[in-house]
Amino acid sequence: SQTIHQWPATLVQPVGSPLSLECTVEGTSNPNLYWYRQAAGRGLQLLFYSVGIGQISSEVPQNLSASRPQDRQFILSSKKLLLSDSGFYLCAWSARQGAGNTIYFGEGSWLTVV
Amino acid sequence: KNQVEQSPQSLIILEGKNCTLQCNYTVSPFSNLRWYKQDTGRGPVSLTIMTFSENTKSNGRYTATLDADTKQSSLHITASQLSDSASYICVVRAPLQSGGSYIPTFGRGTSLIVHP
């Protein structure tokens, strides 16, 4: 069966510090990968998606970046965090072909920038 | 611009009662619509998926309806339980301009609280 893991689950970082959230998917090949952010009381905002290794598309301009060094690994990074980067970050995957494929989410990472 | 609007924003009901959540979308062309349940602090989990030709689909006490002409969907919860307390998110899929993959549009969700 397929599983998705993301870590860390919770972190508190000072303003200006770097960030690295990691996500891995197991049990499938060539998945579409996504990073979402959910601010308190807000909906899910798509940050990045990837259809293959090294292929990253950004949905919103920000000081975050994403990388896909391996087929089932997706990393969210920042060189200098802002207070507004605080939120709940979700990694997700779906099968490559077909619009009907379910999006499976990880457990999320709570980021608080202080 | 593709949008998904959900109402109400929040809802409080007593255990055992029924409720209906609404979703209106402007996503076009339309591929499919899903309802997700998101428990606090967890990732969303898919409840139902509906394609253009489907009008209603049930998953236990959850029943989703879809009117593709008016671009509206509803999620009806029957005999609510305390464990139904969660955020319910409507997600609509439309094809990307390129790549052959599909990016969904998420609603902001309806926060449901079930009181004993």
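Structure: see above.
About the criteria used
- Residues numbered from 1 in each chain as written.
- Chains lettered and ligands numbered in written order.
- Predicted model: local features only at pLDDT ≥ 70, side-chain atom pairs only at ≥ 80, totals over all residues.
- Heavy atoms only, no water.
- Helix = DSSP H or I, 4+ residues; strand = E, 2+ residues; numbered from the N terminus.
- Rg over C-alpha atoms; globule rule 2.2 N^0.38 Å.
- Buried < 20%, exposed > 50% of the residue type's maximum accessible area, 1.4 Å probe, protein only.
- Salt bridge = Lys/Arg side-chain N within 4 Å of Asp/Glu carboxyl O.
- Phe/Tyr/Trp six-rings, centres within 6.5 Å; stacked < 30°, edge-to-face > 60°.
- Lys NZ or Arg CZ within 6 Å of the ring centre and 35° of its normal.
- Disulfide = S-S within 2.5 Å.
- Contact = heavy atoms within 4.5 Å.
- Buried area = accessible area lost by both parts, 1.4 Å probe.
- Polar contact = N/O pair within 3.5 Å; in protein donor to acceptor, adjacent residues only side chain to side chain.
- Nonpolar A, V, L, I, M, F, W, Y, C, P; charged D, E, K, R; others polar.
- Pairing = 2+ DSSP bridges.
- Axes fitted to C-alpha atoms, helices over the stretch in contact; angles between N-to-C directions.

## A few points about the overall build of chain A
Assigned secondary structure in chain A consists of 0 helices and 11 strands. The N-to-C order of helical and strand elements in chain A reads β-β-β-β-β-β-β-β-β-β-β. Taken over C-alpha atoms, the radius of gyration comes to 13 Å for chain A, in line with the 13 Å a tight globule of 114 residues would show. Dimensions of chain A, computed from C-alpha atoms along their principal axes, come out at roughly 40 × 30 × 25 Å. Expressed as a percentage of the 114 residues in chain A, the buried residues total 49%.

## Concerning the pattern of salt bridges
Inspection of the entire model under this criterion finds 5 salt bridges over all chains. A salt bridge links R68(A) to D71(A), with the nearest nitrogen and oxygen atoms 3.2 Å apart.

## With respect to the packing of aromatic side chains
Here the distance between the centres and the angle between the planes together describe a pair of aromatic rings. One pass over the structure, following the stated rule, counts 10 aromatic pairs over all chains. When the centroid spacing of 5.8 Å and the interplanar angle of 90° are considered together, the rings of F105(A) and Y36(B) count as edge-to-face. In this pair, F105(A) sits in strand 10 (residues 104-105) while Y36(B) sits in strand 4 (residues 32-38), so the two residues belong to two different chains. Neither F105(A) nor Y36(B) differs from the other in exposure class; each is buried. Judged by centre distance (6.4 Å) and plane angle (35°), the ring pair of Y36(B) and F106(B) falls under tilted. Note that Y36(B) is positioned in strand 4 and F106(B) in strand 10 (residues 102-106), a separation of 70 residues in sequence. Y36(B) sits in the buried class, given a relative accessible area of 1%. Through a chain of ring-to-ring contacts, three or more aromatic side chains come together here, namely Y34(A), Y36(A), F105(A), Y36(B) and F106(B). Across from the ring centre of Y62(B), 5.7 Å away, lies the NZ or CZ of R61(B), which sits over that ring.

## Some details on the state of the cysteines
Residues and elements named next belong to chain B. Throughout the structure, instances matching the rule amount to 2 disulfides over all chains. With a sulfur-sulfur separation of 2.0 Å, C23 is cross-linked through a disulfide to C90. Where C23 bonds to C90 through sulfur, the torsion about that S-S bond is close to -70°, and the disulfide is left-handed. Of the two residues, C23 sits in strand 3 (residues 19-25) while C90 sits in strand 9 (residues 86-95), which places them 67 residues apart along the sequence. Here C19 stays unpaired: no disulfide links it, and the sulfur of C90, its closest cysteine neighbor, is 15 Å away.

## Things to note about the interface of chain A and chain B
Between chain A and chain B, the contact holds 24 residues from the first and 22 residues from the second. Regarding the contact of chain A and chain B, the summed buried area is about 1,800 Å², with carbon and sulfur atoms giving 52% of it. Along the contact surface separating chain A from chain B lie 1 salt bridge. We note a salt bridge from E107(A) to R42(B), for which the minimum N-O separation is 2.4 Å. Counting every contact that joins chain A to chain B gives 4 residue pairs in polar contact (both at pLDDT 80 or more). Going through the elements one at a time, strand 4 (32-38), strand 5 (44-52) and strand 9 (87-94) of chain A are the ones with two or more residues in the side of chain A that touches chain B. Across the side of chain A that touches chain B, the residue classes tally to 12 nonpolar, 9 polar and 3 charged.

## Observations concerning the sheet that holds strand 6 (residues 56-59) of chain B
Residue and element names in this part refer to chain B. With antiparallel pairing, 5 strands are arranged side by side in an open sheet as 1-3-8-7-6. Two strands close off the open sheet at either side, each with one partner strand: strand 1 (4-7) and strand 6. Averaged over all pairs of adjacent strands, the angle between strand axes in this sheet comes to 15°, irrespective of strand direction.

## So, the environment of Q45(A)
Tracing the backbone through its elements, the reader meets Q45(A) in strand 5. Taking the relative accessible area as the measure of exposure, Q45(A) reaches 32% and is therefore partly exposed.

## Considerations on unusual backbone geometry
For the bond from W7(A) to P8(A), the omega torsion is 0°, close enough to zero to count as cis. Mapped onto the secondary structure, P8(A) falls in the loop between strand 1 (3-7) and strand 2 (10-13). Cis geometry marks the peptide bond from S7(B) to P8(B), where omega comes out at -10°. Secondary-structure assignment places P8(B) in the loop between strand 1 and strand 2 (10-14). Even without being a glycine, N30(A) presents a positive backbone phi close to 55°. Along the chain, N30(A) falls in the loop between strand 3 (19-26) and strand 4. Residue N30(A) is classed as partly exposed on the basis of its relative accessible area of 44%. Phi at A79(B) is positive, roughly 50°, even though this residue is not glycine. Considering the arrangement of structural elements, one finds A79(B) in the loop between strand 8 (72-77) and strand 9. Assessed through its relative accessible area of 35%, A79(B) is described here as partly exposed.

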